[in-house]
Amino acid sequence: MARLSPWQELPAGGAILPAEAEQPRTGGWRTGFRPEVDLSRCVDCLLCWLYCPDSAVRLDGTAFEGFDYDFCKGCEICAEVCPVDAIEMVVE
Amino acid sequence: MTPLLLTGGEAVAHAMRQIDPDVVPVYPITPQTPIIQGFAKFVADGRAHAELVNVESEHSAMSAAIGSALAGARTMTATSSQGLALMAEVVYIAASMRAPIVMALGNRALSGPINIHCDHSDSMLIRDSGVVQLFAENAQEAYDLTVLAPRVAEHPDVLLPVLVCLDGFTITHSAEPVQLLADGDVAAFVGTYTLAHRVLDVAHPATQGPFAMPDYYYEFRRQQSAAVEAAGRVLDGLADGFERLSGRRYGPVEAYRLDGAERVIVALGSTAGTVKDVVDELREEGEAVGVLKIVSYRPFPSELVRGLLADIASVIVLDRADSPGGAAPLQAELAATLYGSAAELHGHVYGLGGRDLHPRDVREIFAQHAPRYVSVRGEPCPV
Amino acid sequence: MSRLKTLVRHQNGVQPLRGGHSLCQGCGIPMVVRTVLSTIDRPTVVVNATGCLEVATTRYPTTAWTVPWLHVAFENAAAVASGVECAQRALRRRHALPSEEEVAVVVFAGDGGTYDIGLQALSGALERGHRFLFVCYDNEAYMNTGIQRSGATPFAASTTTSPAGLESFGKAQRRKDMTAIAVAHHVPYVAQAAAVHWHDLSRKVELAATADGPAFLNVLTDCPLGWGHEPRLSARVLNAAVNTLFWPLYEVLDGGYRLTYIPEPPEPIESWLGLQARFAHLLTDENRALVEEIQRQVNADWDELVARCSADAPAG
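I will try to describe carefully the structure that is included in this document. Because the structure is predicted, anything quoted here is derived from the model rather than measured.

## Some words on the overall build of chain A
Inference 1: Each helix and strand counted, chain A has two helices and four strands in total.
Inference 2: Out of the 92 residues in chain A, the part that is buried amounts to 40%.
Inference 3: Taking contacts inside chain A between residues at least 6 apart in sequence as the whole, the part at least 24 apart equals 64%.

Structure, rendered in structure tokens:
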């Protein structure tokens, strides 16, 4: 892992291997609201999964499983596009 | 094998044929065109098997070369002058992305005025880019250095673009006897190219060409500096093997008649050949003169040069490029190298835009009768 | 919804572009990228031009990409991709690649890296006929550097280098028709798309990715900051672009034009302009003439496109 390593230990040319790279927790960008799902309304249409700019919708196979709050920035697009109003932005 | 009568450009094209790279992106510019035309004919006749990509500018030539080299393909190209200037942005990136690319540089003056003849201003433009620059004195050296280049570029401690510099027209277009190696010998010498984190290795994906903030950029640059220095050691390490193959030995410099010399000219490229002839004549006349030809301009073999020149009374550097308002590049290099030594350092700029350097000019230089800017009209002579 | 399930399955449990990047809250780019990459059912290499997508996803030592990814500079993504494409051919010929399956080469570039500084390299790559897909995520300005005007910025839009002011109404020039420029290169597949019509985009990606030569997709992409709208309204804004005929959805397959979506009825251009702060200055009485000019341009372009599509439509 390359956390402020000496130059001798960095990969030549700055190649980053995703398997080893950290992913900053951009969930910290949220300003007080987060999406939550009413599973009884969710029809697993997968639109929220497709629309999410932060790949923060987790699936179980092809069914909605939950939001990845480590990365969700709270943009609310999922709540807007959900065709069955299953997603609500709630105060954190 | 009998030597062939080849221009420098043709000789480099033959070297490329024998290396048989995978991908060759090309864009034409005088005076490197004989190289790419010669190579294109080899491909058209099935004597070389590269993907020859006729890109739409030199900037794209180097860009395609990076994509190709990082995808694991042996990649070569050629350019000169304005072409190098246009691709300069990408040359720096090729070096920093550690892309092994071999490029023939037909040294030609930078515009303006536009001029197609030889000087070294194009090499000097990318002096600080982190690429390796090897200078040939003649067509034979242009051929040999091209054969050596992939072994330097692709070495795991190096992984950098290597430029084989040959004087425009003087070498690229002048025919000389050139001893080619056997095809099989070149193939065995250059071997196969393998690279970690190949772009096409989808099972092991890597992100290449990232964005680096002040907390990381400097370390990558330091790493690059070490890689250029490693190229010097790699070149040294290849000397024995190449000599066994060819009978010719290459080091970072060629010291010609330095023994007992009081005055030594330091030069790059074909001019070193001219100076050798004058050195021979002057030695016959009892003058203690010699010439130090720099082969590896980057990395510059500073310690070696200092060792060879530290006791010379007068070191005269010839620059075929200028740095207006400051010290000419090779002179600056020698000044840094010789700082603190007893040698007296003199410098001249000559030959810009293809202005010939005649043997009589070299005599005047050795005699310290030449102006700083040699053979330009209107320059006052030193008293 | 079977197409979306197919996209999910193509990912094999690994998002090609994962979370943790620093693209804006509500950025329209990732949806384009993820739709493209999860549609292509082959291993893929991404070549990315400098811009929002590249900068925000690869700050060393982090990366949001789980596919092989290469960035070199701003204007040369198409040239870099050409090199990768040639390398694949050369290496495959001598059986030097780890797998026999053809790797798709996909370029992502913003409108700056496509219409302007990237135009030369793109044109060269299209002319040479490389097998690759070039996707322009067109958000109509140089967003990464602070919303400066590009050749893709629409007429009268306000940007930081063509700001609306007391003596200016914003960008004085019409935007280039980059899609038409691509078509003029006689390549197998060119299309215009928008991620809000994701099924259409995905179908176009399929056609593009199987083209025997270059394919060019021009995908209108919203930028909440640069366009001036709330991030959550992304879909609404892009729908307005399509429904007002500002951004027609069409494809050109082997030179034959076909509209892939016809809004019925089309909405007036104010429906598009009114949603974005970059056009807010136009919605005054003094600027009525400009809005009419925009409407006239949109109508004329649409009529011309319809005529071309009718000419190419199969007879009968």
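That covers the picture; the talk isn't over yet.
## Some remarks on the pairing of strand β9 (residues 249-253) of chain C
Residues and elements named next belong to chain C.
Inference 1: With respect to burial, β9 is a largely interior element, four of its five residues being buried.
Inference 2: For strand β7 (residues 189-194) and β9, the ladder comprises three bridges, and the chain directions are antiparallel. The partner of V190 across the bridge, within β9, is V252.
Inference 3: Hairpin connection from β9 to strand β10 (residues 256-261): two residues lie between these consecutive antiparallel strands, with D254 at a positive phi of about 50°.

## Considering the interface of chain B and chain A
Inference 1: The interface is formed by 16 residues belonging to chain B together with ten residues belonging to chain A.
Inference 2: Where the side of chain B that touches chain A is concerned, the elements lending two or more residues are β9 (207-208) and α8 (217-246) of chain B.

## Quick word on the packing of helix α6 (residues 139-153) of chain B against helix α7 (residues 183-190) of chain B
Residue and element names in this part refer to chain B.
Inference 1: One can describe the packing of α6 onto α7 by two numbers: an axis separation of 9 Å at closest approach and a directional angle of 20°. Looking at the two axes, α6 sits roughly parallel to α7. Here α6 and α7 pass one another in a crossing that is right-handed. The residues of α7 that touch α6, namely those facing V147, P150 and R151, are V186, F189 and V190.
Inference 2: In terms of residue class, the contact of α6 with α7 is made up of five nonpolar, no polar and one charged.

What counts, and where the lines are drawn
Residue positions are given per chain, counting from 1 as you read along its sequence in written order. In the order they appear in the text, chains get letters beginning with A and ligands get numbers beginning with 1. Reporting in this predicted model follows two pLDDT cut-offs: at least 70 for local features of residues, and 80 or more for side-chain atom pairs to be given and counted; totals over whole chains, interfaces and linings ignore these cut-offs and use all residues. Counting from the N terminus, the helices are DSSP H or I runs at least four residues long and the strands are E runs at least two residues long. Put simply, a residue is buried when 20 or more other C-beta atoms lie within 10 Å of its own C-beta and exposed when 12 or fewer do; between those, it is partly exposed, and each C-beta is set from the backbone. With C-beta atoms placed from the backbone, a contact is any residue pair whose C-beta atoms sit within 7 Å. Paired strands are those between which DSSP finds at least two bridges. Throughout, an axis means a line fitted to C-alpha atoms (over the contacting stretch in the case of helices), and angles, computed between N-to-C directions, take values from 0 to 180 degrees. Any angle that falls under 35 degrees is termed roughly parallel, while one over 145 is termed roughly antiparallel, one within 65 to 115 roughly perpendicular, and all others oblique. For any pair of crossing helices, the crossing counts as left-handed if the nearer helix is rotated counterclockwise from the farther one by less than a right angle, and right-handed if it is rotated clockwise. The residue classification treats Ala, Val, Leu, Ile, Met, Phe, Trp, Tyr, Cys and Pro as nonpolar and Asp, Glu, Lys and Arg as charged. All others, Gly included, are polar.

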